[in-house]
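These are the residues of each chain, in order.
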Amino acid sequence: PDSILRTVVYVQAAFRRFLVEEPRLLLGIRPTTPSPPLAVSLWCCRRLVRPESIDVEAEGMAVAVLICAREKGLTLGPIVTAYERYAPSLPADHPVPELLRERFEEVAVDAEEEIMASAQGAELPSQARALIAEARQYWGAPDRP
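The rules behind these values
Residues numbered from 1 in each chain as written. Predicted model: local features only at pLDDT ≥ 70, side-chain atom pairs only at ≥ 80, totals over all residues. Heavy atoms only, no water. Helix = DSSP H or I, 4+ residues; strand = E, 2+ residues; numbered from the N terminus. Rg over C-alpha atoms; globule rule 2.2 N^0.38 Å. Buried < 20%, exposed > 50% of the residue type's maximum accessible area, 1.4 Å probe, protein only. Contact = heavy atoms within 4.5 Å. Areas by Shrake-Rupley, 256 points an atom, 1.4 Å probe, with all protein chains shown as cover. Lys, Arg positive; Asp, Glu negative; His and termini not counted. Charge placed at Lys NZ, Arg CZ, Asp CG, Glu CD. Patch = residues over 30% accessible without salt bridge, like charges linked within 9 Å, V, L, I, M, F, W, Y side chains within 5 Å. Salt bridge = Lys/Arg side-chain N within 4 Å of Asp/Glu carboxyl O. Expected span 1.5 Å × (residues − 1). Arc of directions from axis to C-beta. Core = buried A, V, L, I, M, F, W, Y, C linked by side-chain atoms within 4.5 Å.

Novice: What is the right way to read the overall build of the protein chain from this model?
Specialist: Within the protein chain, the secondary structure is distributed over six helices and zero strands. Traced from its N-terminal end to its C-terminal end, the protein chain shows the element sequence α-α-α-α-α-α. In terms of overall dimensions, the protein chain is more spread out than a globule: its C-alpha atoms have a radius of gyration of 21 Å, far above the 15 Å expected for 145 residues. Taken over the C-alpha atoms alone, the protein chain extends approximately 70 × 35 × 25 Å along its principal axes. Looking at the protein chain residue by residue over its 145 residues, the buried ones come to 27%. Counting only contacts in the protein chain whose residues sit at least 6 apart along the sequence, the fraction spanning at least 24 positions is 65%. Total accessible area on the protein chain is roughly 10000 Å²; 60% of this is exposed by carbon and sulfur atoms. In the protein chain, the 16 positive side-chain charges and the 21 negative ones have mean positions that sit 11 Å from each other.

Shown next as structure tokens:
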């Protein structure tokens, strides 16, 4: 979730900078908005200094939507990380944990199919265990249920 949030802040800052670039050039003044890396740094500092200002519900929903909307290349790792971060702070019936659980189950089916396909070629149980461990690491599967 942190990398997603940093990317969103970076893109927003870059867009804001783009919007004021032409008027800035016409007026011949220095930049009026911080550079995107500085904007991300300021945002991170504000979160650390004032953690009570974080809107966990809105942030959780934004992160969950970005993660769950991804069709290709999604692994279990980002889903598990987002769930572990937002589920304790939100009510049990909140849509964010529900959305993440549903998407986890969908991606877990794909992961299990790939693991089973790769384990079919193993001749020894130790080879199968090694293939399963490798696939679990690739998919970011949690160690516990």
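Continuing now.
Novice: How do you make sense of helix α4 (residues 76–86) when you look at a structure like this?
Specialist: Every α-helical turn comprises 3.6 residues, leaving residues that sit three or four positions apart pointing alike. Along α4, the residues that are buried comprise Leu 76, Gly 77, Ile 79, Val 80, Ala 82 and Tyr 86. Close packing links the buried residues of α4 with α1 (2–27), α3 (56–68), α5 (95–119) and α6 (125–139).

Novice: I would appreciate a short explanation of a nonpolar patch on the surface in the present structure.
Specialist: Together, Phe 15, Phe 18 and Leu 19 make up a nonpolar patch on the protein surface, roughly 360 Å² of accessible area in all. Along the chain, the position of Phe 18 falls in helix α1. For Phe 18, a relative accessible area of 59% gives the class exposed.

Novice: What am I meant to see in helix α2 (residues 36–49) here?
Specialist: Spanning 14 residues, α2 covers 20 Å between terminal C-alpha atoms, matching the ideal 20 Å at 1.5 Å per step. Residues of α2 that are buried: Pro 36, Ala 39, Val 40, Trp 43 and Arg 47. Projected down its long axis, α2 carries its buried residues within an arc of 100°, all on one side. Turned more than 90 degrees away from the buried face of α2, the exposed residues are Leu 48 and Val 49. Of the surrounding elements, those touching the buried residues of α2 are α1, α3 and α4.

Novice: Got a minute to help me understand the environment of Gly 77 in this structure?
Specialist: Structurally, Gly 77 can be placed in helix α4. Separated by 42 residues in sequence, Gly 77 and Ala 119 place their C-alpha atoms 21 Å apart. When sequence neighbours within four positions are dropped, the list of residues in contact with Gly 77 reads Trp 139 and Gly 140.

Novice: What exactly am I supposed to notice about the nonpolar core here?
Specialist: Proteins that are soluble and globular tend to have nonpolar side chains buried together. Grouped together as the largest cluster of nonpolar side chains are 20 residues, with contacts concentrated most on Tyr 86 and Leu 100. For this core, the secondary-structure elements that each account for two or more residues are α1, α2, α3, α4 and α5. Sequence-distant contacts of Tyr 86, that is, excluding residues within four places in its chain, are made with Pro 1, Leu 5, Val 56, Glu 59, Gly 60, Val 63 and Val 96.

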